[in-house]
Amino acid sequence: MISPSTTTLPPNNRSRVKLYTLNEERQWDDRGTGFVACTTPTAPNTTHALIVKSEVDGSTLLDSKILLNTKYQKQQETLIVWSEGDKHDLALSFQEKAGCDDIWENICDVQGKDSSPFLTTANSLTSDSNGSTAYDSDDECVGESNDNYLPPTIILPPVDLSHLHDICDLFSPDKVRDASRRDLLARAIESGNYIRKLIDLFHICEDLENLESLHQLYEIIRSMFYLNKSSLFQLLFSEEYILDVIGCLEYDSQLNYHEKRNHREFLDTKATFREVIPIINQELLSKIHQTYRVQYIQDAILPAPSLFEENLLSTMNSFLFFNKVDIVTLLYALATHGILNVIQVMLSLDDVTTKQAALDVFASIVECNPSTVREYMLQETQSTQDDDELLLNLVISEIQSDPDPELSGALNLMNYLKLLIDPENMMAVVISEKTEFLSFFYFRSMSVLLAPLMANTSDLRLTRDDFHIGQLQNLILDFVTFCIEHHTYHMRNFLNKKDLLRRVLVLLKSKHQFLQL
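I will try to describe carefully the structure that is included in this document. (Residues numbered from 1 in each chain as written. Predicted model: local features only at pLDDT ≥ 70, side-chain atom pairs only at ≥ 80, totals over all residues. Heavy atoms only, no water.)

A separate point is the packing of aromatic side chains. As enumerated under the stated definition, the model contains 17 aromatic pairs in all. Between F233 and F319, the aromatic rings sit 6.5 Å apart at their centres with planes inclined by 65°, giving edge-to-face as the arrangement. Taken together, the residues span a long stretch of sequence, with F233 in helix α6 (residues 230-236) and F319 in helix α11 (residues 314-336) at a distance of 86 residues. Judged by relative accessible area, which is 1%, F233 ranks as buried. Ring centres of F467 and F514 lie 6.1 Å apart, and the angle between their planes is 70°; this geometry places the pair in the edge-to-face category. Separated by 47 residues along the polypeptide, F467 in helix α19 (residues 467-486) and F514 in helix α22 (residues 513-516) bring together distant segments of the chain. On the basis of relative accessible area, F467 is assigned to the partly exposed category, the value being 35%. Look at F514 and you get partly exposed, because its relative accessible area is 30%. Here a set of aromatic residues connected by ring pairs shows up, and it is made of Y20, W28, F321 and F322. (Phe/Tyr/Trp six-rings, centres within 6.5 Å; stacked < 30°, edge-to-face > 60°. Helix = DSSP H or I, 4+ residues; strand = E, 2+ residues; numbered from the N terminus. Buried < 20%, exposed > 50% of the residue type's maximum accessible area, 1.4 Å probe, protein only.)

Following this line, the structure appears as structure tokens:
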């Protein structure tokens, strides 16, 4: 229980957390790293609160009241997620499981609820003689339910061919719109080894070439994703089940009767894992493979979601994001031992495959830990006088030399550059460091990025106006617009110094309408 005074966790690894908020694009933004503590009221009309102090300067990153009606969720052993208001979602990602357990117990104590992840009393778990299961627990703080109109449990039909239609009916869209029913369904599935039984039936149906049943299994497995339950994703995406889950998703009922996708064949024979450096950490390897497969499910298998379905996939998006955070965290020792230097060397080579592998690793590190990359780039300026050898400029060079006519790779890398220079990603950084990095960027890299545009508009006329150069200049203009919107001081000085506006106006003479606009 929480003591009558402040519950203070000393600034150590156990209380060390990253704070995230969900933005309007339903992506998690890193708000900084610090140390969390749970405080108790010290004056009338005050309440318990979660406080996160920055490890950089001790400033308050989070001061969140623990209210009785706030619905907290504990996910993936080191993650606590909750909402404040309709559109303000927050997450604390703990460095250690023990620290997460401490705060989770404090939250549940304040709300007067059970902090145990599962209730295993005789009343909470029952099975019938056919293996169907009823389950009454959750990975949220467990309290009394006000949903008296709902039964406390859902009895799932036995897993056999004769009951597939009944199982499908349980997951019909009109029945998963209710959040309480989704929770009950997820709990029932998690217990009683239900997924294992469905997978075993899937193998039988494949052997029998029973397409009607395979189509029904597709609908059942696909619908499980929209239950939006973290603990259920842990099962579906486990090493034991994930390839079979993908196999079930090959039999889309919307395809012609005898058609199916070949996702497993692609993952087994065509998708190859390249180790830029040898990875001997099995936990890291497993996490990388899992993340790739889950990303593949999201991007290539699941149909484009409706607005309702997209909201129900928020936990899957979070699962992917925090998996990537875990990967980068596991790689961070690598970062301090020179992984970014290795990437820099690889980008200097002529081998296309090696360069692409280096860019993939660079993008992953930037996505989940941009501050590490910024720190490396600033240190690099002290020892590297040749601008062409800077890591940032080597990445810019790859953007400018993208052979794809649509510049898909360049567009992707340009978005990662925006992450590096976005002030929203520097909220945990002291002002002097933010100013130092932006000064470095505008002094040593901005001109390199603008070089194709400046060269093509010399003498205030267009030297080239083919589609490829038009696409590249369009990307550059988009980046410049981003800088104008986010870097008022630095960009204004740069515009005046380089006479950039006059050069941009030359592009109005282009034959490409997308560039004129």
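Back to the text.
As a further point, take the pattern of salt bridges. With the rule as written, the count across this model stands at 22 salt bridges. E219 serves as the salt-bridge partner of R222, at 3.7 Å between the closest nitrogen and oxygen. Of this pair, R222 and E219 both sit in helix α5 (residues 211-225), separated by three residues, roughly a single helical turn. Close ionic contact of R293 with E239 constitutes a salt bridge, the shortest N to O distance being 3.7 Å. With R293 in helix α9 (residues 282-301) and E239 in the loop between α6 and α7 (242-248), this pair connects stretches of sequence that are 54 residues apart. (Salt bridge = Lys/Arg side-chain N within 4 Å of Asp/Glu carboxyl O.)

Quick look at the pairing of strand β3 (residues 49-54) now. Counting buried residues in β3 gives five out of six residues, a clear majority hidden from the surface. Of the pairings in the sheet, the one linking strand β2 (residues 28-39) to β3 comprises six bridges and is antiparallel in character. Residue C38 lies in a different strand from β3, and its bridge partner there is L50. With five bridges connecting them, β3 and strand β4 (residues 60-65) associate as antiparallel partners. Paired with K53 across the bridge in β4 is T60. (Pairing = 2+ DSSP bridges.)

Among the secondary structure elements, S401 is positioned in the loop between α15 (391-400) and α16 (408-421). What makes S401 partly exposed here is its relative accessible area of 44%. For S401, the side chain forms a polar contact with the main-chain oxygen of S397, separated by 2.9 Å. (Polar contact = N/O pair within 3.5 Å; in protein donor to acceptor, adjacent residues only side chain to side chain.)

In an α-helix, one turn spans 3.6 residues; hence positions three or four apart end up facing the same way. Of the positions making up helix α20 (residues 488-498), those classed as buried are H490, M491 and F494. Within α20, the buried residues cover an arc of 90° as seen down the axis, which keeps them to one side. α20 presents T488, Y489 and N496 as exposed residues on the side facing more than 90 degrees away from its buried surface. (Arc of directions from axis to C-beta.)

What follows covers unusual backbone geometry. Backbone geometry at L460 places phi at a positive 55°, although glycine is not the residue there. On the secondary structure map, L460 appears in the loop between α18 (446-456) and α19. Given the relative accessible area of 36%, L460 is considered partly exposed. Within the chain, D499 stands out as a residue other than glycine whose phi angle is a positive 55°. Along the chain, the position of D499 falls in the loop between α20 and α21 (500-506). Given a relative accessible area of 38%, D499 falls into the partly exposed group.

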